[in-house]
Structures are given as C-alpha cells and as structure tokens.
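# Remarks on the overall topology
Listed here are the chains, written in short residue letters.
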Amino acid sequence: TYIIKQTLSIMGLKADAITPQQKQSIGDGLATALQIDRNTVFILAITDVQAGKGGDRRLSGGGIEIDYEIRTLDGGLASNLEPVRKFHKCEIFIA
C-alpha cells in the first residue's frame, strides 16, 4: 500500500467553522482535482494556522491547514501524484 500524506493550506477560514458536510466536500474536491477515486482520500485533520506562520506569506491573514492522505495499491498513481509536492507539503510512504 502506498500512503501519500499531504497538507493543503487555505487562507481566510477557521477550522471550527468547517462543517462535516464541508469536510466531505473538501475530500470530494481533492479527489476531483487530483483525478483519483474519492474512496482513496482521507481527511486526517483541519487545524487553524496563525497569521505569518513560518514566514508563509500565503497565510499572512491566517487560515487553515488540511492534513490528508491518499491510500492506494497503485504504484503508478503514487508516482503520478509526485508533482503535487510542488503545491503541498507531501510525504510518500510504502506500507
């Protein structure tokens, strides 16, 4: 099993304002954007990020980080997701 862990940052939102339906929609959106099966995407956590965390100018006004993982048996899919690293914090594990 390949496990790809990623973090997506979105500014201007608060974690406690995200409803379960919105969390589901985020997972749906990630699967659609990455062109993968929705059943392989798991939202692990949604947390608040303080303004200016780590010098990240994109989050200068504060926002959220969405930690998620993709689980697949398809090594080709895991390799194809590698370019996503440019846009998200990403780790790939083989379990």
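Before reading further, recall that the structure is shown in the block above.
First, a word on what this report is: a plain description of the structure on this page. By convention here, each chain's residues receive numbers from 1 onward along its written sequence. It should be noted that, the model being predicted, local features are given only for residues of pLDDT at least 70 and side-chain atom pairs only at 80 or more, the latter also being counted only at that level, while totals for whole chains, interfaces and linings use all residues. Heavy atoms throughout the structure, all of them, feed into the side-chain values; hydrogens and water do not.

### Topic: the side chain of Thr-72
Checked against the element boundaries, Thr-72 lands in strand E3 (residues 63–72). Looking at Thr-72, its side chain comes within polar contact range of the main-chain nitrogen of Asp-74, at 3.0 Å. Under the DSSP-based scheme used, a helix requires at least four consecutive residues in state H or I and a strand at least two consecutive residues in state E, with every element numbered from the N terminus. Two N or O atoms count as a polar contact when they lie within 3.5 Å, although within protein this holds only if one can serve as hydrogen donor and the other as acceptor, and sequence-adjacent residues are included solely when both atoms are side-chain atoms.

### A word on the environment of Lys-14
If you trace the backbone, Lys-14 turns up in the loop between strand E1 (2–11) and helix H1 (20–34). Any residue under 20% of the maximum accessible area for its type is buried, any over 50% is exposed, and the rest in between are partly exposed; the area is computed with a 1.4 Å probe on protein chains only. For Lys-14, a relative accessible area of 54% gives the class exposed.

### Describing the environment of Val-41
Looking at the secondary structure, you find Val-41 in strand E2 (residues 41–49). Exposure remark for Val-41: the relative accessible area of 4% places this residue in the buried category.

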